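# Summary of the model geometry
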Amino acid sequence: MWFTPNEITFMVKASNSTSSSSSAEPASSESEDCAASVDAQLKRFYRLWCLKESIVKALDINSDFDLKSIEFTIQDEEETEKPILSTVIGVHGPKPQELSEKGWSFEEALLDSDHCYAIAAQTETTASEDGSSTASSPVLDGSEIRRFDWKELLKDAVPYPVHSSA
């Protein structure tokens, strides 16, 4: 299992937020409500998965690391295309030496209706002469991710030289 009980609750709770509708809306069928609920739960699953993957990649830790020891508290429940910077990390149980709860920033957003991203970054702390430490400014600032198409990415590409074996 990769998720903590609180994270599982966050995913399951998605079904409650999508199934409540106002009386002004036409009644939807039970199968439509179920499909919307499953879609909302999957989106929350992918969101949490991206957050966990972002910390694993940032720390360059092995895939056999117990992901339940990392728990995300999501402040803004609804994901948008605008970057969210309020998610925080909690660390439980055995953890890699590199992992501290302090100094982490997470940026997450929707790329489109079916895709999301999450970026993990840790602020660097510097030790002063008196032994205290101060953190630098946050690494993530919420600026938008620039999207490239293939033509733009490859516009200056040069073919790799092919060596013929003679």
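Residues numbered from 1 in each chain as written. Predicted model: local features only at pLDDT ≥ 70, side-chain atom pairs only at ≥ 80, totals over all residues. Heavy atoms only, no water.

### A short note on the packing of aromatic side chains
Note the following rule: Ring geometry is summarised as follows: Phe, Tyr and Trp rings, the Trp one being its six-membered ring, pair when their centres sit within 6.5 Å, and such pairs are stacked at plane angles under 30 degrees, edge-to-face over 60 and tilted between the two. Every helix listed is a DSSP run of H or I at least four residues long, and every strand listed is a run of E at least two residues long, numbered separately from the N terminus. Burial here depends on accessible area, computed with a 1.4 Å probe over protein chains only, as a share of the maximum for the residue type. Under 20% is buried, over 50% is exposed, and the range in between is partly exposed. Remark: a charge is flagged as sitting over a ring if the NZ atom of Lys or the CZ atom of Arg is within 6 Å of the ring centre and within 35 degrees of the ring normal.
Under the counting rule described, the total for this entry stands at 7 aromatic pairs. With a centroid separation of 5.0 Å and an interplanar angle of 90°, the aromatic rings of Phe 72 and Phe 106 are classed as edge-to-face. Taken together, the residues span a long stretch of sequence, with Phe 72 in strand β1 (residues 70-73) and Phe 106 in strand β3 (residues 104-112) at a distance of 34 residues. Under the relative-accessibility criterion, Phe 72 is labelled buried at 5%. Plain terms: the ring middles of Trp 104 and Phe 106 are 6.2 Å apart, the flat faces sit at 20° to each other, and that makes the pair stacked. Judged by its relative accessible area of 1%, Phe 106 falls in the buried class. Linked through ring pairs, Trp 2, Phe 3, Phe 45, Tyr 46 and Trp 49 together constitute an aromatic cluster. Its guanidinium or amino end placed over the ring of Phe 10, Arg 44 lies 4.2 Å from that ring's centre, counting from NZ or CZ.

### Examining the environment of Ala 36
With respect to the helices, strands and loops of the structure, Ala 36 is situated in helix α2 (residues 30-59). Assessed through its relative accessible area of 34%, Ala 36 is described here as partly exposed. For the pair Ala 36 and Ala 14, spaced 22 residues apart in sequence, the C-alpha separation works out to 9.4 Å.

### Topic: the side chain of Glu 71
The following threshold applies: Neither His nor the chain ends is counted toward charge; the positive residues are Lys and Arg and the negative residues Asp and Glu. Should a side-chain nitrogen of Lys or Arg be within 4 Å of a carboxyl oxygen of Asp or Glu, the pair is scored as a salt bridge. A 3.5 Å cut-off defines polar contacts: any pair of N or O atoms within that distance qualifies, except that in protein one atom must be a possible hydrogen donor and the other a possible acceptor, and neighbouring residues in sequence count only when both atoms are side-chain atoms. Any two residues having at least one pair of non-hydrogen atoms within 4.5 Å are treated as being in contact.
On the secondary structure map, Glu 71 appears in strand β1. Despite its burial, Glu 71 pairs with no opposite charge; the closest candidate is Lys 52, at 7.3 Å N-O. A polar contact is formed between the side chain of Glu 71 and the side chain of Thr 4, at a distance of 2.6 Å. Looking at Glu 71, its side chain comes within polar contact range of the side chain of Asn 6, at 3.4 Å. When sequence neighbours within four positions are dropped, the list of residues in contact with Glu 71 reads Thr 4, Asn 6, Glu 7, Val 88, Ile 89, Gly 90 and His 92.

### Comments concerning the nonpolar core
Test applied: Residues grouped as a nonpolar core are buried Ala, Val, Leu, Ile, Met, Phe, Trp, Tyr and Cys residues, joined through side-chain atoms within 4.5 Å.
By size, the foremost hydrophobic cluster in this structure holds 24 residues, and its most contacted members are Leu 48, Ile 55, Phe 72, Ile 89, Leu 99, Trp 104 and Phe 106. Put simply, the parts of the chain that give this core at least two residues each are α1 (5-19), α2, β1, β2 (88-91), β3 and β4 (115-122). Element by element, the count of residues in this core is highest for α2, at 6 residues.

### Thoughts on α2
Spelled out, the test is: Helix span is expected to be 1.5 Å times the residue number reduced by one.
Between its first and last C-alpha, α2 extends 44 Å over 30 residues, near the 44 Å set by a 1.5 Å rise per residue. Residues Ser 37, Ala 40, Arg 44, Arg 47, Leu 48, Cys 50, Leu 51, Lys 52, Ser 54, Ile 55, Val 56 and Leu 59 constitute the buried set of α2. With its phi angle positive at about 55°, Asp 60 sits one or two positions after the end of α2.

### Details of the pattern of salt bridges
Scanning the model with the defined rule gives 7 salt bridges in all. Residue Lys 52 is joined to Glu 7 by a salt bridge in which the shortest nitrogen-to-oxygen separation is 2.9 Å. Here Lys 52 is found in helix α2, whereas its partner Glu 7 is found in helix α1, with 45 residues between them in sequence. We classify Lys 52 as buried; its relative accessible area is 1%. The exposure class of Glu 7 is buried, given its relative accessible area of 1%. Glu 78 serves as the salt-bridge partner of Arg 44, at 3.3 Å between the closest nitrogen and oxygen. Pair noted here: Arg 44 is in helix α2 and Glu 78 is in the loop between β1 and β2, with a separation of 34 residues, a long-range link. Exposure remark for Glu 78: the relative accessible area of 53% places this residue in the exposed category.

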